[in-house]
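Here are the chains, one letter per residue:
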Amino acid sequence: MPERMLTIEEFNELLKHWNGEKIKISKHELDDVDTTFLQLDSVSYRTKTRRMDEYQPMHTLSLNGQGEITLEAGGSQPLPDASYEIPLEDTTLYRYDDGTTFTLVTERGTYTIEIMGNNT
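Below is a summary of the structure that appears in this document.

Definitions and limits used
Residues numbered from 1 in each chain as written. Predicted model: local features only at pLDDT ≥ 70, side-chain atom pairs only at ≥ 80, totals over all residues. Heavy atoms only, no water. Pairing = 2+ DSSP bridges. Helix = DSSP H or I, 4+ residues; strand = E, 2+ residues; numbered from the N terminus. Axes fitted to C-alpha atoms, helices over the stretch in contact; angles between N-to-C directions. Buried < 20%, exposed > 50% of the residue type's maximum accessible area, 1.4 Å probe, protein only. Contact = heavy atoms within 4.5 Å. Phe/Tyr/Trp six-rings, centres within 6.5 Å; stacked < 30°, edge-to-face > 60°. Core = buried A, V, L, I, M, F, W, Y, C linked by side-chain atoms within 4.5 Å.

### Thoughts on the sheet that holds strand β5 (residues 59-64)
Strand-to-strand pairing in sheets goes through backbone hydrogen bonds, with the strands running parallel or antiparallel. Strand order in the open sheet formed by three strands is β4-β5-β8, with antiparallel pairing between adjacent strands. With partners counted over all chains shown, the strands left at the sheet margins are β4 (42-47) and β8 (83-88), one partner each. For this sheet, the mean angle separating the axes of adjacent strands, direction not counted, is 20°. Looking at chain direction, β4 and β5 are connected through six bridges and run antiparallel. Its bridge partner lying in β5, S42 is registered against N64.

Structure (C-alpha cells):
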C-alpha cells in the first residue's frame, strides 16, 4: 500500500483499529530521538484553550496503555504515566504507509507510530 496523506478524522479512525496491539513510537525532535513501546488500550484527544505559553500544545493526542521507553545507554524504563502524549497543531501532517506505519509531522518534530503486533 503506498503512502497517503490523511485528515485528522481518517487518522483517528484508522488508529482506533490498533487498540489492543503493541505499537512502537519513535520521536525525532531536533537531535533527540526517543523510542517507546506501548500496549495500546485506547486513543484520546485533549484540547487546552488556556495555555501558559506557545510551547504548550493546544491539542494533544494520548496513546493510552502500559509501555516502556528505550534508553540511549541501553535497557528501558516504564513510562511515568499509562499514556504517551503527542502535541498536535493545526498544521500537523498525517501520513499512512503500508498499513503498519503512521507518521505525524509537526513544527516540533516527527513522530512515527508502527504496529508491532501482540507477539513482538
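Continuing now.
### Structural notes on unusual backbone geometry
Although it is not a glycine, L30 adopts a positive phi angle of roughly 55°. Assignment of secondary structure puts L30 in the loop between β2 (22-29) and β3 (32-39). Judged by relative accessible area, L30 falls into the exposed class, the value being 85%.

### A closer look at the sheet that holds strand β11 (residues 110-115)
Read from one edge to the other, the open sheet built from eight strands follows the order β1-β9-β10-β11-β2-β3-β6-β7, with strand pairing classed as antiparallel. For this open sheet the edge positions go to β1 (4-6) and β7 (76-78), each flanked by a neighbour on one side alone. When the angles between neighbouring strand axes are averaged without regard to direction, this sheet yields 25°. Two strands pair when backbone bridges link them, and strand β6 (residues 67-70) and β7 are joined in this way by three bridges, in the antiparallel orientation. Counterpart to E68 in the pairing with β7 is P78. In the packing of helix α1 (residues 8-16) onto the sheet, the strands contacted are β1, β9 (93-97), β10 (101-105) and β11, and the crossing angle to β1 comes to about 100°.

### Some details on the packing of aromatic side chains
Using the criterion set out here, one finds four aromatic pairs in the structure. With a centroid separation of 4.7 Å and 55° between ring planes, the pair formed by W18 and F102 is classed as tilted. Placement of W18 in the loop between α1 and β2 and of F102 in strand β10 is noted, with a sequence separation of 84 residues between them. Taken as a pair, W18 and F102 share a single burial class, namely buried. Among the aromatic residues, ring-to-ring pairing joins F11, W18, Y94, Y96 and F102 into one connected group.

### Brief notes about the nonpolar core
Judged by nonpolar contacts, the single largest core of 22 residues is most densely connected at L63 and L104. Elements with a contribution of two residues or more to this core: α1, β2, β5, β8, β9, β10 and β11. Top element by residues in this core is β8. It accounts for three residues. Once residues lying within four places of it in the same chain are set aside, the contact partners of L63 are L15, I23, I25, L38, L40, S42, V43, A82, S83, Y84, I86 and I113.

That's the geometry; what it means functionally is another story.
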